[in-house]
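Spelled out, the chains give:
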Amino acid sequence: MSGKFVTWFRKYKGLHILMWGATMTFSFVTYYNPHHSVLSQVVNVLCSTGLNAAPFYVCGYVLVPKLLYKRKFVAFIAIFIGICLIYGPFVLFVTRMFDHITNHDKEIIPTWTTLGPSINLFIWNTTLAAFGASSYKILFDRFRLERKLQVVEKEKIAAELSFLRSQINPHFLFNIMNTIYFQINKTNIEARASVEKFSEMLRYQLYECTSDKILIDKELNYVKNYIAMQTLRMEKGSDIKLIIDEKIENFSIAPFLILPLVENAFKHVSNFKDSGKNMIHIELRIDGDNVFVAEAINSYEHDHNGTHLMQSGGLGVQNLKRRLELLYPEKHELNIYNTGNMYQTILKLQYDN
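Residues numbered from 1 in each chain as written. Predicted model: local features only at pLDDT ≥ 70, side-chain atom pairs only at ≥ 80, totals over all residues. Heavy atoms only, no water.

Novice: Would you mind going over the overall build of the protein chain in detail, with residue names and values included?
Specialist: Counting its regular elements, the protein chain contains 9 helices and 7 strands. Counting over 353 residues, the protein chain shows a buried share of 37%. A fraction of 72% describes how many contacts in the protein chain between residues 6 or more apart in sequence connect residues 24 or more apart. For the protein chain, the exposed surface amounts to about 21,400 Å²; the carbon and sulfur share of it is 61%. (Helix = DSSP H or I, 4+ residues; strand = E, 2+ residues; numbered from the N terminus. Buried < 20%, exposed > 50% of the residue type's maximum accessible area, 1.4 Å probe, protein only. Contact = heavy atoms within 4.5 Å. Areas by Shrake-Rupley, 256 points an atom, 1.4 Å probe, with all protein chains shown as cover.)

Novice: How would you sum up helix 6 (residues 216-232)? Please name residues and give values.
Specialist: Taking 1.5 Å per residue as the helical rise, helix 6 with its 17 residues ought to reach 24 Å, and the 25 Å between its terminal C-alpha atoms agrees with that figure. Among the residues making up helix 6, those that are buried are Ile216, Glu219, Leu220, Tyr222, Val223, Asn225, Tyr226, Ile227, Met229 and Gln230. (Expected span 1.5 Å × (residues − 1).)

Novice: Which residues make up the pattern of salt bridges, and what are the values?
Specialist: Tallied over the entire structure, the rule returns 6 salt bridges. Between Arg322 and Glu325 there is a salt bridge, and its shortest N-O distance comes to 3.3 Å. Remark: Glu325 and Arg322 occur in helix 9 (residues 315-327); sequence separation between them is 3 residues, near one turn of the helix. Residue Arg322 is classed as partly exposed on the basis of its relative accessible area of 30%. (Salt bridge = Lys/Arg side-chain N within 4 Å of Asp/Glu carboxyl O.)

Novice: Which residues make up the sheet that holds strand 4 (residues 279-286), and what values go with them?
Specialist: The mixed open sheet is built from 5 strands, whose spatial order is 2-4-5-7-6. Unpaired on one side and paired on the other, strand 2 (239-244) and strand 6 (332-339) mark the two borders of the sheet. Along the sheet, successive strands turn relative to each other by an average axial angle of 10°, direction set aside. As paired elements, strand 4 and strand 5 (residues 291-299) share 7 bridges and run antiparallel to each other. Paired with His281 across the two strands is Ile297, which belongs to strand 5. Along the sheet face, helix 6 touches strand 2, strand 4 and strand 5 and points at about 170° away from the line of strand 2. (Pairing = 2+ DSSP bridges. Axes fitted to C-alpha atoms, helices over the stretch in contact; angles between N-to-C directions.)

Novice: Give a description of the state of the cysteines that names residues and reports values.
Specialist: Going through the model one piece at a time under the given rule, you end up with 0 disulfides. The thiol of Cys59 is not disulfide-bonded; the next cysteine sulfur, from Cys84, is found 6.5 Å away. (Disulfide = S-S within 2.5 Å.)

Novice: Explain the packing of aromatic side chains to me, using residue names and the numbers behind them.
Specialist: One pass over the full model with this rule turns up 10 aromatic pairs. Ring plane angle 80° and centroid distance 6.3 Å describe the contact between Tyr226 and Phe266, whose orientation is recorded as edge-to-face. Of this pair, Tyr226 sits in helix 6 while Phe266 sits in helix 7 (residues 259-267), placing them 40 residues apart in sequence. For the pair Tyr226 and Phe266, a shared accessibility class is recorded, and that class is buried. (Phe/Tyr/Trp six-rings, centres within 6.5 Å; stacked < 30°, edge-to-face > 60°.)

Novice: Go over the pairing of strand 7 (residues 342-350) with me, naming the residues and quoting the values.
Specialist: Looking at chain direction, strand 5 and strand 7 are connected through 9 bridges and run antiparallel. Opposite Ala296, over in strand 7, you have Thr345 as the bridge partner. Taking the residues between adjacent antiparallel strands as the criterion, strand 6 and strand 7 are bridged by 2 residues, where Gly340 takes a positive phi near 65°.

Novice: So what's going on with the nonpolar core? Which residues, and what values?
Specialist: Within the largest apolar cluster, 39 residues are counted, with the highest numbers of intra-cluster contacts made by Ile258 and Phe292. At the level of elements, helix 5 (188-208), helix 6, helix 7, strand 4, strand 5, helix 9 and strand 7 are the ones that each hand at least two residues to this core. Sort the elements by how many residues they give to this core and helix 6 lands first, with 7 residues. Apart from residues lying up to four places away in sequence, Phe292 is in contact with Ile216, Ile248, Phe251, Ile253, Ile258, Leu284, Arg285, Ile286, Leu347, Lys348, Leu349 and Tyr351. If you look at the next biggest cluster of nonpolar residues, it comprises 14 residues, including Val64, Leu68, Phe80 and Ile83. (Core = buried A, V, L, I, M, F, W, Y, C linked by side-chain atoms within 4.5 Å.)

Novice: Residues and numbers for the environment of Met97, please.
Specialist: Positionally, Met97 belongs in helix 3 (residues 73-102). The exposure class of Met97 is partly exposed, given its relative accessible area of 36%. In this structure, the C-alpha to C-alpha distance between Met97 and Asn44, residues 53 residues apart in sequence, is 9.6 Å.

Novice: Give a description of unusual backbone geometry that names residues and reports values.
Specialist: With phi around 65°, Arg71 is a residue other than glycine that occupies positive phi space. Looking at where Arg71 falls in the secondary structure, it is placed in the loop between helix 2 (38-68) and helix 3. Judged by its relative accessible area of 65%, Arg71 is exposed.

Novice: Residues and numbers for the environment of Ala54, please.
Specialist: Following the sequence through the fold, Ala54 ends up in helix 2. Put simply, Ala54 and Ile83 are 29 residues apart on the chain and 10.0 Å apart in space, counted from C-alpha to C-alpha.

Novice: Talk me through the environment of Thr126; I want residue IDs and the actual numbers.
Specialist: Inspection of the secondary structure puts Thr126 in helix 4 (residues 112-182). Between the alpha carbons of Thr126 and Pro89 there is a distance of 9.3 Å; along the sequence they are 37 residues apart. Beyond its immediate stretch of four places on either side in the chain, Thr126 contacts Asn52, Pro55, Ile83, Cys84, Tyr87, Gly88 and Val91.

Novice: Describe in detail the side chain of Glu219, supporting the description with residues and values.
Specialist: Note that Glu219 resides in helix 6. For the buried Glu219, no salt bridge exists, and the shortest N-O distance to an oppositely charged side chain is 7.1 Å, to Arg323. Each residue touching Glu219, except ones within four places of it in the same chain, is listed here: Tyr204, Ile214, Ile253, Pro255, Phe256, Leu257 and Ile258. (Lys, Arg positive; Asp, Glu negative; His and termini not counted.)

Novice: An account of the confidence of the model for the protein chain is needed here, citing residue identities and associated values.
Specialist: For the protein chain, the mean per-residue pLDDT works out to 78, and 75% of the residues sit at or above 70. Per-element confidence in the protein chain ranges from a low mean pLDDT of 42 for helix 8 (residues 309-312) to a high of 94 for strand 4. Counting interchain partners and residues more than four positions distant, the pLDDT-below-50 stretch residues 305-314 has 16 contacts. (pLDDT = per-residue confidence, 0-100.)

Pasting the structure below:
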């Protein structure tokens, strides 16, 4: 019990003691008069500062949360002004009374010439204490609320990213199963190769993508396996190329940011009878300082059944846009171009070393 009390005291009350001690010291040094009794001046400072603690805590812990936060502005202003105008003179006369006890030369009621300035000074001190407490309470509560909001926002983003990522996996697995389905009548060697690649990709999803960032080499290997498997279901002679810049360093990237572009290109590639006209070019490169670029170009048919995934707001691309906003705010650029029978998608990421 004593340990908890000490922790509580250090955390909440120790700072208050330091604050009031500093206030008393400042007041004593500011108003010190060598011609007056030191004891009298110490009692004066202790009395005036101690009495001003009352409006400080009343305003900070009662008026602000009970009235100001509940938008009772008229009541808050009226009580605030009342405290300053009434309590200030009260502190003056109580302080003068204790001062008279320690120094009999001083009267409890000051002379008329000094009464006005004395009342103004003590009203100002009370106002300063009340205003300081109110400002402190508002700022403290604001910072504490912002910290809570940051924690909630981080938890929300983490939950949302987990949800978005969970949406990617089933969609991708169905595409792979569809690929394997079309390979059933092919030779067992090709089927085995497809299952092997599928196993590698599934292992990557389930066991390696457990953190927010992953090394780019692993992500590129995943993309290679995906393109290799999707190429198996394309007509022979299709123009499919994967170009990876040798300058790509071993930096970290959020997983599954490149896949939606590649997946989109394969899903909406043209199906011309001349297979050589069906083109998918994927290029991954470094452009400038710490800028990773993923570019996907695919041919498509104007009369193709359905609208291009980028225009139709497909699940994969919508997830990609949302994840980019969350993971790379103001550090990404996603551009889509439609040029004749070609669709071009360019993703740029500003990464950290």
